Amino acid sequence: MAKLELKYGNHACAEAAVLAGCRFYAGYPITPSSEIAEKMAELLPKKGGVFIQMEDEIAAMGATVGGSFAGLKAMTATSGPGFSLKQENLGYAFMVEAPCVVVNVQRGGPSTGLPTQVGQQEIMQSLWGTHGDKMIPVFYPGNVQEIMEETIRAFNWAERLRTPVVLLLDEVLGHMRETVDMEQFEEGKVEIWDRKMPKVPPEEYLPYKPEEDGVPAIAPYGTPGYRGHATGLHHDYTGFPTTDPEMCQELIERLINKVKSRQKELERNEAYKLDDAEVAIVAFGTTARAAKTAVDLAREKGIKAGLLRVITIWPSPEETLYELAKSVKAILVPELNMGQYVLEVERCAKGEAPVYRLNRANGKIIYPHEILAKIEEIVKGGK
Amino acid sequence: MGAPNLPMEKIVEKKPYFKYLRLNKMPTIWCPGCGIGQAFRATCMALDELGISNDQVAMVSGIGCSSRTPGYFDGFTLHTTHGRAPAFATGLKLARPELTTILFTGDGDALAIGGNHFIHAARRNIDLTVILINNWIYGMTGGQVSPTTPEGAYATTTPYGNYEPQFDIAKLAIAAGATYVARGTAYHAMELKKLIKDGIKHKGFSLIEVLSPCTIVYGRKNRMSFEEMYFWFKENTLPVKAWEKLPEEKRAGKIPRGLLYHDDSRPEYTEVYWSKVKALSGGEK
């Protein structure tokens, strides 16, 4: 039986994190993500977990990695400017394979931007924000129920792949109250994955030696006998720095491939009225909500429109986007930035369908009638 | 220098603190005459005397010459990003308060890029032992001016001599809330061991500043041989008790060494946190 509860987006994220087993949170106040930290400050001590408000965003990310190395499921949350500050240690987490979840409740940017208003300007930064090559999973839910699902999924994949996972929300989602069916989140019903532990005795233990899935089994710090070293420098299987070119190349390829090779399993989308669609919208987060209504409005007018709502932003659903491009006459990518994910959609479409843009970066959402107008323009053969 | 030919058991018998070393990772990257090795040895000896096993120690560092120390230490070691070691260590120590957590850092790492993390860790009085190698310069990047480079000294970025004032590390730490503050030098090796030992024993934030010669970079830039640098520490520092007896006018240019500040009355951060959790969760961890 459905168990309905009215939930606030940011609180849902915090509650789901605790359900997923999160027992470490380090944060720093920033609008519009602060309610996640506030909820964690309330929940974690009661669960025997760690909550700490750090001196800055950099430290919050650093402490999160420290907590993760201690063996706890760890999370931090922030928004635009804070996400920029976290990039240094997010790159470190990627390099040392520290499982953690980094939430970015997107607001208007660049710089201090529009702190209290919505944006989707970190689609590219979520993957490419830190220096050096990187591939990490990035999830972007579209409603409060899904915030809970995706938060749990983010923790599961972080632990399974020993990687940071970025969970993108946006100001509208974070500050939205919506009904959530809590039945699926009841005790025992939530699927939880934990990180693997070393299977070898301490004398054979090599913390950074990958197993078949490309993921090493690193023991939590403090596990008797399983001492090890971790560094942001290129390193060998012992975790010690190396400049051996073969070892360095192998390391970076493995770090990228352990995520990229799981793309099919990581992929999650919602296809809405795409079966006979001639115009497809590709959207995510808050904008996808307006796009869904726009699809219905277009259909009322006899235009065969459909929506692919992307939930796993990175690694991108390359094949799905390519197949979509082959099956429609045009693709429209509305997003609250000046054209970011559209670049990825264009790349994946490989010219099979023209890709149109609808962009906005002024803190306001894109309304359904605006998307509809754009669809009509495309259908009429405009641009 | 490769790994010694003696079997490990024989070495440990003679020098028990060798059990903390990752001998297969040696030789170290440090230059001849560098003082970091002295501080590292003092730390290992202190741990041995305190009977703390390898499995009970986490060593965390940032970036720089001194921050390479954890790589040679056979414990749970984390070589993190520039200046951020106190943040990582705070997370680790909060989650694993049972681990003796030692930080190796330098004047640039702890006081410039990591200044904020350093003072906040001190403010919390979290039980970290920070061994700050103060060699007056950025050694690893080739000799740039640091927040402790003496006035008038030459660095690659002060070709006409340094004209910036310096941090007084001990005063900074005390003002920020550190509850154990000491200063030693790489010349006074056994005294340094004692200071580090007491710092590890202390429940709360401990800072041990280690005046240490950067022989190759600072020494060359400022026309000092490594012997001159070690003797400089001998001539220009004195035990804090002796320093206190000096009349004000004779203190100029003299640096006090030893225990500078000790306060056992303030509660330690992880103890406060976990006792709160215990009360709220009924002991569940």
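### Points about the domain arrangement of chain A
Residues and elements named next belong to chain A.
- Per the domain assignment, the segments of chain A are domain 1 (4-185) and domain 2 (269-380).
- Centre-to-centre, using C-alpha coordinates, domain 1 lies 26 Å away from domain 2.
- Taken together, the contact between domain 1 and domain 2 spans 28 residues of the former and 23 residues of the latter.
- Of the roughly 2100 Å² buried at the junction of domain 1 and domain 2 (both faces included), carbon and sulfur atoms supply 55%.
- Of all residues in domain 1, the largest losses of buried area upon contact with domain 2 belong to Gln120, Ile123 and Met124, amounting jointly to 29% of the total for that side.
- Summed over the shared surface of domain 1 and domain 2, the number is two salt bridges.
- Note that arginine 289 and glutamate 178 form a salt bridge whose closest N and O atoms lie 2.5 Å from each other.

### Comments concerning the pattern of salt bridges
- This structure, assessed with the given rule, holds 49 salt bridges over all chains.
- Between arginine 124 of chain B and glutamate 55 of chain A there is a salt bridge, and its shortest N-O distance comes to 2.9 Å. Highlighted residues: arginine 124 of chain B in helix H5 (residues 115-124) and glutamate 55 of chain A in the loop between strand E3 (50-53) and helix H3 (57-69), drawn from two different chains. Per residue, the accessibility class of arginine 124 of chain B equals that of glutamate 55 of chain A, and both read buried.
- Of the charged contacts, one joins glutamate 370 of chain A and arginine 360 of chain A as a salt bridge, the two residues approaching to 2.7 Å between their closest N and O atoms. In this pair, glutamate 370 of chain A is assigned in helix H13 (residues 368-379) and arginine 360 of chain A in the loop between strand E16 (355-359) and H13, connecting sequence segments 10 residues apart.
- The structure contains a network of salt bridges with shared partners spanning Glu146, Glu270, Lys292 and Arg309 of chain A.

### Notes on the packing of aromatic side chains
- For the structure on display, the rule yields 24 aromatic pairs over all chains.
- On the numbers, 5.4 Å between centres and 70 degrees between planes, the contact of tryptophan 136 of chain B with tyrosine 218 of chain B is edge-to-face. Of the two residues, tryptophan 136 of chain B sits in the loop between strand E4 (128-134) and strand E5 (137-138) while tyrosine 218 of chain B sits in helix H8 (residues 218-221), which places them 82 residues apart along the sequence.
- Look at tryptophan 136 of chain B and you get buried, because its relative accessible area is 10%.
- An aromatic cluster of at least three residues, connected via ring pairs, comprises Phe240 of chain A together with Tyr20, Trp30, Phe40, Tyr72, Phe73 and Phe104 of chain B.
- The side chain of arginine 153 of chain A reaches across the aromatic face of phenylalanine 139 of chain A, ending 3.8 Å from its centre.
- Seen from the ring of tyrosine 272 of chain A, lysine 292 of chain A lies directly overhead, with NZ or CZ sitting 5.1 Å from the centre.

### Some remarks on the pairing of strand E6 (residues 114-118) of chain A
All names here are of chain A.
- Of the pairings in the sheet, the one linking strand E5 (residues 100-108) to E6 comprises two bridges and is antiparallel in character. In the sheet register, arginine 107 faces E6, and the bridge partner there is valine 118.
- Here E5 folds back onto E6, and the loop between the two strands holds five residues, one of which, serine 111, carries a positive phi near 55 degrees.

### Quick word on the layout of surface pockets
Residue and element names in this part refer to chain B.
- Quantified by volume, the largest pocket comes out at close to 700 Å³.
- Along the wall of the largest pocket there are 26 residues; nearest its centre are Asp168, Arg183, Glu209, Ile255 and Pro256.
- Mapped by element, the contributors of at least two residues to the lining of the largest pocket are helix H6 (169-176), strand E8 (206-211), helix H10 (240-245) and strand E10 (255-262).
- Among the elements that make up the lining of the largest pocket, the one with the highest residue count is E10 (six residues).
- Among the residues forming the lining of the largest pocket, the class breakdown is 14 nonpolar, four polar and eight charged.

### Overview of the side chain of aspartate 236 of chain A
- One can find aspartate 236 of chain A in the loop between strand E10 (228-231) and helix H8 (245-260).
- No salt bridge is formed by the buried aspartate 236 of chain A, whose closest oppositely charged neighbour, lysine 25 of chain B, lies at an N-O distance of 4.2 Å.
- Side chain to side chain, aspartate 236 of chain A and threonine 238 of chain A meet in a polar contact 2.6 Å long.
- Setting aside its immediate chain neighbours within four residues, aspartate 236 of chain A contacts Tyr208, Thr242 and Met247 of chain A together with Lys25 of chain B.

### A word on the packing of helix H11 (residues 318-327) of chain A against helix H12 (residues 341-349) of chain A
Residues and elements named next belong to chain A.
- Remark: H11 packs on H12, axes separated minimally by 8 Å, with the N-to-C direction vectors making an angle of 70 degrees. Taken together, H11 and H12 sit at an angle that is classed as roughly perpendicular. Each of Glu318, Leu321, Tyr322 and Ala325 in H11 lies in contact with H12, whose residues at this interface are Val345, Arg347, Cys348 and Ala349.
- Here the residues of the contact of H11 with H12 sort into six nonpolar, no polar and two charged.

### Observations concerning the interface of chain B and chain A
- The interface of chain B with chain A comprises 39 residues on the first partner and 44 residues on the second.
- Counting each side, the surface lost to burial between chain B and chain A is near 3300 Å², with a carbon and sulfur contribution of 61%.
- Summed over the three residues of chain B that lose the most area to chain A, namely Phe76, His79 and Phe88 of chain B, the buried surface amounts to 17% of that side.
- Our count for the chain B to chain A interface comes out at four salt bridges.
- Between arginine 227 of chain A and aspartate 55 of chain B there is a salt bridge, and its shortest N-O distance comes to 2.7 Å.
- Inspection of the chain B/chain A interface yields 23 residue pairs in polar contact (both at pLDDT 80 or more).
- Those elements giving two or more residues to the side of chain B that touches chain A turn out to be strand E2 (76-79), helix H3 (85-95), H5 and helix H11 (269-281) of chain B.
- Per-element accounting of the side of chain B that touches chain A gives the leading share, seven residues, to H3 of chain B.

### So, the nonpolar core
- Judged by nonpolar contacts, the single largest core of 138 residues is most densely connected at Met40, Met75, Val103 and Ile331 of chain A together with Phe205 of chain B.
- When residues of this core are assigned to their parent elements, the largest contribution, nine residues, is made by helix H6 (residues 144-161) of chain A.
- Mapping this core onto the domain boundaries places at least three of its residues in each of domain 1 (4-185) and domain 2 (269-380) of chain A.
- Every residue in contact with isoleucine 331 of chain A, bar those within four places of it in the chain, is listed here: Ala280, Val282, Leu324, Ala325, Val345, Ala353, Pro354, Val355 and Tyr356 of chain A.
- Listed in part, the 34 residues of the second largest apolar core include Tyr17, Val57, Ile102 and Ile133 of chain B.

### Focus on helix H4 (residues 80-96) of chain A
Residues and elements named next belong to chain A.
- Given a rise of 1.5 Å per residue, 17 residues ought to cover 24 Å, and the 24 Å separating the end C-alpha atoms of H4 matches this to within 8%.
- Along its length, H4 shows its largest kink, about 50 degrees, at glutamine 87.
- Of all 17 residues that make up H4, 13 are buried, and the element is covered over most of its length.
- Two residues or fewer past H4, glutamate 97 is found with a positive phi of approximately 60 degrees.

### Points about the pairing of strand E13 (residues 305-310) of chain A
Residue and element names in this part refer to chain A.
- Here E13 lies mainly inside the structure; six of its six residues are buried.
- With burial as the criterion, each face of E13 is covered, one bearing Ala305, Leu307 and Arg309 and the other bearing Gly306, Leu308 and Val310.
- In this sheet, E13 lies alongside strand E11 (residues 269-272) in antiparallel orientation, the contact comprising four bridges. Within E13, the residue paired with alanine 271 across the bridge is leucine 308.
- In this structure, strand E12 (residues 279-283) lies alongside E13, joined through five bridges in parallel fashion.

Thresholds, definitions, all that
- Residue positions are counted from 1 within each chain, in the order its sequence is given.
- The naming scheme follows written order: chains are lettered A onward, ligands numbered 1 onward.
- A pLDDT threshold of at least 70 governs which residues receive local features in this predicted model, and a stricter bar of 80 or more applies before side-chain atom pairs are shown or counted, although totals over entire chains, interfaces and linings include all residues.
- The basis for every side-chain value is the complete set of non-hydrogen atoms in the structure, without hydrogens or water.
- Reported domain spans reflect what an automatic or database domain assignment gives.
- Contact definition: two residues touch when any of their heavy atoms are within 4.5 Å.
- We define buried area as the total accessible area lost by two parts upon association, computed with a 1.4 Å probe and summed across both.
- Here, a salt bridge means any side-chain nitrogen of Lys or Arg that lies within 4 Å of a carboxyl oxygen of Asp or Glu.
- Secondary structure elements follow DSSP: runs of H or I no shorter than four residues count as helices, runs of E no shorter than two count as strands, and numbering proceeds from the N terminus.
- We call a residue buried when its accessible area falls under 20% of the maximum for its residue type, exposed when it is over 50%, and partly exposed in between, using a 1.4 Å probe and counting protein chains only.
- The aromatic pairing rule takes the rings of Phe, Tyr and Trp, using the six-membered ring of Trp, and pairs them if the centres are within 6.5 Å, calling planes under 30 degrees apart stacked, those over 60 edge-to-face and the rest tilted.
- We count a charge as sitting over a ring when the NZ of a lysine or the CZ of an arginine lies within 6 Å of the ring centre and within 35 degrees of the ring normal.
- Two strands pair under a simple rule: DSSP has to find at least two bridges between them.
- Each cavity reported here is a set of points on a 1 Å grid over the protein atoms alone in which a 1.4 Å probe fits but cannot get out, each pocket an open set with protein on both sides within 12 Å along at least five of seven lines, and each lining residue one with an atom within 4 Å of a point.
- Grid points are joined across faces, edges and corners, and a volume is the space filled by probe spheres set on the points.
- In this classification, the charged set is Asp, Glu, Lys and Arg, the nonpolar set is Ala, Val, Leu, Ile, Met, Phe, Trp, Tyr, Cys and Pro, and all remaining amino acids, among them Gly, are polar.
- We count Lys and Arg on the positive side and Asp and Glu on the negative side, and we leave His and both chain ends out.
- We call two N or O atoms a polar contact when they sit within 3.5 Å, provided that within protein one can donate a hydrogen and the other can accept it, with sequence-adjacent residues counted only if both atoms are side-chain atoms.
- Note on method: axes are straight lines fitted to C-alpha atoms, helices fitted across the in-contact stretch only, with angles between N-to-C directions ranging 0 to 180 degrees.
- An angle below 35 degrees is read as roughly parallel, one above 145 as roughly antiparallel, one from 65 to 115 as roughly perpendicular, and any other as oblique.
- Nonpolar core, defined: a set of buried Ala, Val, Leu, Ile, Met, Phe, Trp, Tyr and Cys residues in which side-chain atoms within 4.5 Å join the residues together.
- Take the residue count of a helix, subtract one, and multiply by 1.5 Å to get its expected span.
- A residue's bend is given by the angle between axes fitted to the 7 residues ending at it and the 7 residues starting at it.

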